Structures are given as C-alpha cells and as structure tokens.
Amino acid sequence: MTDQMTNEEKIFSLDFTRLRDVDACISEIKKLQRQLEDERDSAGKKEKIMTNSLQESKQMSTHLQQITQALSRERKVALEKSERERLLWKLIERINSSFDLDHILQATVDELGHYFKVNRCGIIIPNFKTNKDLVREFAIGEWKRGQETYSQVSLSVLYRTVTKTLKPLVINDTLTHELTSGHLSEDLRSMLMVPLLQNDNELVGVVYLHQCRKQRTWTEHELSMLQAAAGPIATAVEKSKLF
C-alpha cells in the first residue's frame, strides 16, 4: 500500500511539475507577447516620428527651394536692371559727346553691335522731305556692306512693316517667317527691328539687329534692352534737329 501511494504521489508530483512548467511557459509567452506589443508600439511611434520628420524635411526643402528660386529671380531682375542702366549710360555718354548726328548714330550702332554680339546693327532715320534716308550700320568681318548697299534697307518690306505698325518685328528664322521666306538672297538668318519713337508715338527711325548664317532666337531680355536703347536714340535724333 505504501509503495502504491508512493507511486501515485510521484505521478501527482510529476503532473504538478508539468503543470507548473506549462504555467511558466504560458507566463513566458504572455511576457514575450507583451514585449512584442511594446516593441510594435515603439516601432509604430518611431515610424510615425520618422514619417512626420520626413514630411517636415520635404516641406522645408520645398520652402527653401521656393526661397532660392525667388532670390534667383530677384537677382536676375536686379542684374538685368543694372545691365540696362549701364548700356543706357554708355549710349547717353556717346550721344552727349557730339552734336553731329552721323557721328552719334555710328557710335551708337557700334556700341549696340558689340553689346548684342551680332553680325550687323543699324539705324535708319527717314527723311520724308527728300526721301533720302540716313542709314548708319555696324558690321563685323565678311558681313560688312558698302553704304550704297545698306542705304537701301529702308526700301525693304520689313522696314515698312515696322514703320506702319510702330511695333517691334521679331524674326527668329528668316527661312520660315512669312515676310522673309524665299525673299532673301543673303545668309541673313535672324532679325530684330524696333521703332524709334518720340512724344506721342512719333516715328523718328528704326534700329535693327542682324544675325547672319546662324539662326538665333531673340530673348525677351534682348528685345526689352533694344527697346530701352531706342529711347535715348530717338531723343538724340530730335535733339540734332535743333542744331
């Protein structure tokens, strides 16, 4: 009997030990589950923080980019304004250096030709009394023309178009433009013409730029610079009539 009880006790003791082992395992599992949940919560918070930080970084980057672009635009405007003022001062100095219109016009086209880096630059001053227009031209290298040739510029349909509309004429490619396609015999590829106006849209002349052989797309800045230069040139022409 004693031996049998001893065996039962042993069995019960063994089962109880196993039960405690199971409870310990369950407890450990629950502990691991809690740790896993804590780690998930922590990882979720970290991910949220990183996402917010990334969004803030993107917003800051976009903001900085916008500021940089705004500053770049302001700097460009300031440089263009400074560049325009320098050109106008040079023209005014040349204009004020003489009362002779021929000298003033030649000095002006020389200045503009070098500034715009073109093959030719010219000014046409119409003479409505004699129909003998005054033309002065700057040119480089092979693109220089005799006075008897460039004096005929005022007879062109391009000149008449500008004098009629009193608006700039921008031709980026003479091969495709409706006014020049198939009508030019020389290698003139791009043209920019601006009227010289005084007082209430009174025409006193036309200034033009020529790019030969190589096509050139005129920029808004170049157009605005030539229009700005037209002002003092027109004033010089009017001033010369007083002497």
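Treat the numbers as computed from the prediction; the structure is a model and nothing was measured.

Trainee: Before we move on, can you summarise helix H2 (residues 101–116) with the specific residues and values?
Mentor: A turn of α-helix holds 3.6 residues, and therefore any two residues three or four places apart point the same way. Taking 1.5 Å of rise per residue, the 16 residues of H2 would be expected to cover 22 Å, and the 22 Å separating its terminal C-alpha atoms lies within 8% of that figure. Of all the positions in H2, only Leu101, Ile104, Leu105, Ala107, Thr108, Val109, Glu111, Leu112, Gly113 and Phe116 are classed as buried. Looking one or two residues past H2, Lys117 carries a phi angle of roughly 55°, positive in sign.

Trainee: An account of a negative patch on the surface is needed here, citing residue identities and associated values.
Mentor: A cluster of acidic residues, Glu37, Asp38, Glu39 and Asp41, forms a negative patch at the surface. Tracing the chain through its elements places Asp41 in helix H1 (residues 2–96).

Trainee: I'd like a description of the pattern of salt bridges, backed by residues and values.
Mentor: One pass over the full model with this rule turns up seven salt bridges. Between Arg145 and Glu137 there is a salt bridge, with its nearest N and O atoms 2.5 Å apart. You can call Arg145 partly exposed: its relative accessible area is 21%. Of the charged contacts in the structure, one is a salt bridge between Asp187 and Arg213, with a shortest N-O distance of 3.7 Å. Placement of the pair is Asp187 in the loop between strand E3 (169–171) and strand E4 (188–198) and Arg213 in the loop between strand E5 (202–212) and helix H5 (220–240), with a sequence separation of 26 residues. Among the residues examined, Asp187 registers a relative accessible area of 38% and is labelled partly exposed. Several salt bridges converge on common partners, so that one network encompasses Glu142, Asp187 and Arg213.

Trainee: Talk me through helix H4 (residues 157–165); I want residue IDs and the actual numbers.
Mentor: What H4 keeps buried is the set Leu158, Tyr159 and Val162. One side of H4 carries all its buried residues, which in axial view fall inside an arc of 100°. Looking at the buried side of H4, the elements it contacts are strand E1 (120–125), E3, E4 and E5. After H4 finishes, the residue Leu166 shows a positive phi value of roughly 60°.

Trainee: Describe the pairing of E4, listing the residues and the values that go with them.
Mentor: With respect to burial, E4 is a largely interior element, ten of its eleven residues being buried. Pairing between E3 and E4: three bridges, direction antiparallel. In the strand pairing of E4, Val170 is matched with Leu192. Both E4 and E5 contribute to a ladder of ten bridges, which runs antiparallel. Bridge pairing links Leu196 to Gly205 in E5. Following E4, the chain reverses through three residues before pairing antiparallel with E5; Asn199 in that reversal takes a positive phi of roughly 55°.

Cut-offs and rules
Residues numbered from 1 in each chain as written. Predicted model: local features only at pLDDT ≥ 70, side-chain atom pairs only at ≥ 80, totals over all residues. Heavy atoms only, no water. Helix = DSSP H or I, 4+ residues; strand = E, 2+ residues; numbered from the N terminus. Expected span 1.5 Å × (residues − 1). Buried < 20%, exposed > 50% of the residue type's maximum accessible area, 1.4 Å probe, protein only. Patch = residues over 30% accessible without salt bridge, like charges linked within 9 Å, V, L, I, M, F, W, Y side chains within 5 Å. Areas by Shrake-Rupley, 256 points an atom, 1.4 Å probe, with all protein chains shown as cover. Salt bridge = Lys/Arg side-chain N within 4 Å of Asp/Glu carboxyl O. Lys, Arg positive; Asp, Glu negative; His and termini not counted. Charge placed at Lys NZ, Arg CZ, Asp CG, Glu CD. Arc of directions from axis to C-beta. Contact = heavy atoms within 4.5 Å. Pairing = 2+ DSSP bridges.

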